[in-house]
Amino acid sequence: AYCRIFSDLVAQTADDGASDYDALSADLFGDAPEHAAAVIDEIVTCRQGEEAVEAVRAAKAAGKPFGVVFLDVRMPPGIDGVEAARQIRALEPVINIVIVTGYSDHRPTEIASKVGTVDRLFYLVKPFDADEVRQMATTLVNRWTSDSRIAGELAAQVAALETLNEALRASEASAHDAARRDPLTRLLNRTGLREHFDSVDRQARDNGAGASLLYLDLDRFKRVNDTYGHGIGDRLICEVARRLSNAVAQDGFAARLGGDEFAIVCGSPRLDAVLGRILAMADEPFLTDGHVLPVSFSVGYSRGGDEGGGGIDLQEHMRRADVALYVAKEAGRGVARP
Ligand code: GH3
């Protein structure tokens, strides 16, 4: 714990002189400050009210706020101690403020109403009485120590809550992600496709034509499973997913709709390029465990911006791509579109 105490506007006042303040300093920190030594970290002295307000602001910004501020009332030129206290209290609601007054200035009620509160507002009347000063030092130090302890406990609780929140956010995010991704290939699933379609579509519309949707279904995939086993079938699905992601690259995204059926969404102006890369992906043999797998696939697509095809929604795209895929399969497996 530390306690930063600053003062001394007293030294500058014409009729008070520095000696009173020196006595105060000695009483607070000098002779027998056993109660204060453990908590006093730094004493900052300011010569004017404005400078004091600035010092409080800077200490707060630096994360080392003052615990106690001593302010004389009369400190020409510039703002007086009461105004400085008001500004300081507005900056630091829990700071302890000690108004150091001569008897003639001692108007606690009036001062408190100007500062805005009696809470944590103290008065020290000059000339100082040593016992009174010690009493106040003890009060301030105890208060600051307990404030620090409470602040420490609160900070620990806040940190614990933050950690909990972070974990909650992470698990929400991963649950959200899990609901939208196919666990085998990590591609988006049908839900993910629905959610991501709009952003590609919107972007593509800015370029003149909406998104296109392409369906791809492996031909006779069941035979791969039957011949090589389900494990190899799985690895083939993953390899197709990887190649489709590469083929679509930055032009859109690939999704797995289920089984051996995939979808690609891309901006229509990029469809031909994407299609070319997809068809070319069969050129590289699918090798698994030394087997060259017999892979061919059928593709059906719905092009956004086609005659009659501009401005169609995802559902209509799906219907068209589905029909196109069916036609391709019926035609002996290959590419078709309406
Ligand atoms: P075609 O589409 O050319 O008519 O023939 P196909 O053999 O691909 O037809 P179909 O769609 O009927 O068969 C898909 C097969 O995919 C059936 C199912 O056992 C298999 N399958 C579905 N999901 C998975 C999976 O996650 N892993 C593996 N290994 N096989 C799967």
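The model shown is predicted, which means the values in this text are computed figures rather than measured ones.

Calculation notes
Residues numbered from 1 in each chain as written. Predicted model: local features only at pLDDT ≥ 70, side-chain atom pairs only at ≥ 80, totals over all residues. Helix = DSSP H or I, 4+ residues; strand = E, 2+ residues; numbered from the N terminus. Expected span 1.5 Å × (residues − 1). Bend = angle between axes of the 7 residues up to and from the residue. Buried ≥ 20, exposed ≤ 12 C-beta atoms within 10 Å, placed from the backbone. Contact = placed C-beta atoms within 7 Å. UniProt positions renumbered as here; feature names shortened; annotations may be inferred. Pairing = 2+ DSSP bridges. Right-handed = clockwise from strand over helix to strand, strands pointing away. Near = placed C-beta within 6 Å. Nonpolar A, V, L, I, M, F, W, Y, C, P; charged D, E, K, R; others polar. Axes fitted to C-alpha atoms, helices over the stretch in contact; angles between N-to-C directions. Parallel < 35°, antiparallel > 145°, perpendicular 65-115°, else oblique. Left-handed = near helix turned anticlockwise from the far one by under 90°. Core = buried A, V, L, I, M, F, W, Y, C linked by C-beta atoms within 7 Å.

Colleague: Teacher, can you tell me more about helix α7 (residues 190–206) here?
Modeller: Spacing of three or four residues puts side chains on the same side of an α-helix, whose turn is 3.6 residues. The end-to-end C-alpha distance of α7 is 25 Å, a good match for the 24 Å that 17 residues give at a rise of 1.5 Å each. The sharpest bend along α7 comes to roughly 30°, located at His 196. Buried residues of α7: Leu 193, Phe 197, Val 200, Asp 201 and Ala 204, and no others. At its buried positions, α7 is contacted by β6 (211–218), β7 (252–258), β8 (261–267) and α11 (314–330). Downstream of α7 by a residue or two, Gly 208 has a phi angle that is positive, lying close to 110°.

Colleague: Is there a simple way to explain the UniProt feature "modified residue: 4-aspartylphosphate" (unreviewed entry) in the protein chain in this structure?
Modeller: UniProt marks Asp 72 with the feature "modified residue: 4-aspartylphosphate" (unreviewed entry), using the numbering shown here. Mapping Asp 72 onto the fold places it in strand β3 (residues 68–72).

Colleague: What should I look at first to understand the pairing of strand β4 (residues 96–102) in this one?
Modeller: Every regular strand shows the same layout, with side chains that alternate between the two sheet faces. Of all seven residues that make up β4, six are buried, and the element is covered over most of its length. Bridge analysis of β3 against β4 gives five bridges, and the strand direction is parallel. Within the sheet, the bridge partner assigned to Leu 71 lies in β4 and is Ile 99. Between the parallel elements β3 and β4, the chain passes through helix α4 (residues 81–91) in a crossover that is right-handed.

Colleague: Where do I start with the site of the ligand in this structure?
Modeller: Not every one of the 15 residues close to the ligand is listed here, only the nearest: Asp 219, Phe 221, Lys 222, Gly 233 and Gly 259. Counting only elements with at least two residues in the shell around the ligand, the list comes to β6, α8 (221–228) and α9 (230–248). Considering every element that reaches the shell around the ligand, the biggest residue donor is α9, with four residues. By residue class, the composition of the shell around the ligand is four nonpolar, four polar and seven charged.

Colleague: How should I be thinking about the packing of α4 against helix α5 (residues 108–115) in this particular structure?
Modeller: Angle between the axes and distance between the axes are the two parameters that describe a pair of packed helices. Put simply, α4 and α5 touch, their axes get as near as 8 Å, and they point 40° apart. Between α4 and α5, the angle is such that the two are oblique. Our pair here, α4 against α5, has a crossing hand that is right-handed. Packed against α4, whose contacting residues are Val 82, Ala 85, Arg 86 and Arg 89, the element α5 presents Ile 111, Lys 114 and Val 115 at the interface.

Colleague: How should the pairing of β8 be read in this particular structure?
Modeller: Along β8, six of the seven residues are buried, which leaves the element largely enclosed by surrounding structure. By the bridge criterion, seven bridges tie β6 to β8 in an arrangement that is antiparallel. If you follow Leu 216 over to β8, its bridge partner there is Phe 262. By the bridge criterion, six bridges tie β7 to β8 in an arrangement that is antiparallel. Across the sheet, the residue bridging to Gly 252 is Cys 266, located in β8. As consecutive antiparallel partners, β7 and β8 are separated by two residues, and within that stretch Gly 259 has a phi angle of approximately 50°, a positive value.

Colleague: Looking at this model, I keep getting lost on the nonpolar core. Mind explaining?
Modeller: Burial of nonpolar side chains together is a common tendency in soluble globular proteins. Ranked by internal contacts, the top residues of the largest apolar core, which has 40 residues, are Leu 214, Ala 263, Ile 264 and Val 265. For this core, the secondary structure elements donating two or more residues are α7, β6, α9, β7, β8, α10 (271–280), β11 (297–302) and α11. Here Val 265 is in contact with Leu 193, Phe 197, Val 200, Ala 211, Leu 213, Gly 252 and Phe 253, once residues within four sequence places are set aside. Membership of the second largest hydrophobic core comes to 25 residues, among which are Cys 46, Ala 84, Ile 88 and Met 136.

Colleague: In this structure, what is going on with unusual backbone geometry? I would like to understand it.
Modeller: Unusually for a residue other than glycine, Arg 120 sits at a positive phi of about 60°. Positive phi, normally seen in glycine, also occurs at Arg 186, with a value near 65°.

Colleague: When you look at the environment of Val 115 in this model, what are you seeing that I'm missing?
Modeller: Within the secondary structure, Val 115 is located in helix α5. Along the primary structure Val 115 and Val 82 are separated by 33 residues, whereas in three dimensions their C-alpha atoms are 6.4 Å apart. Filtering out sequence-adjacent residues up to four positions away, Val 115 remains in contact with Val 82, Ala 85, Arg 86, Arg 89 and Leu 121.

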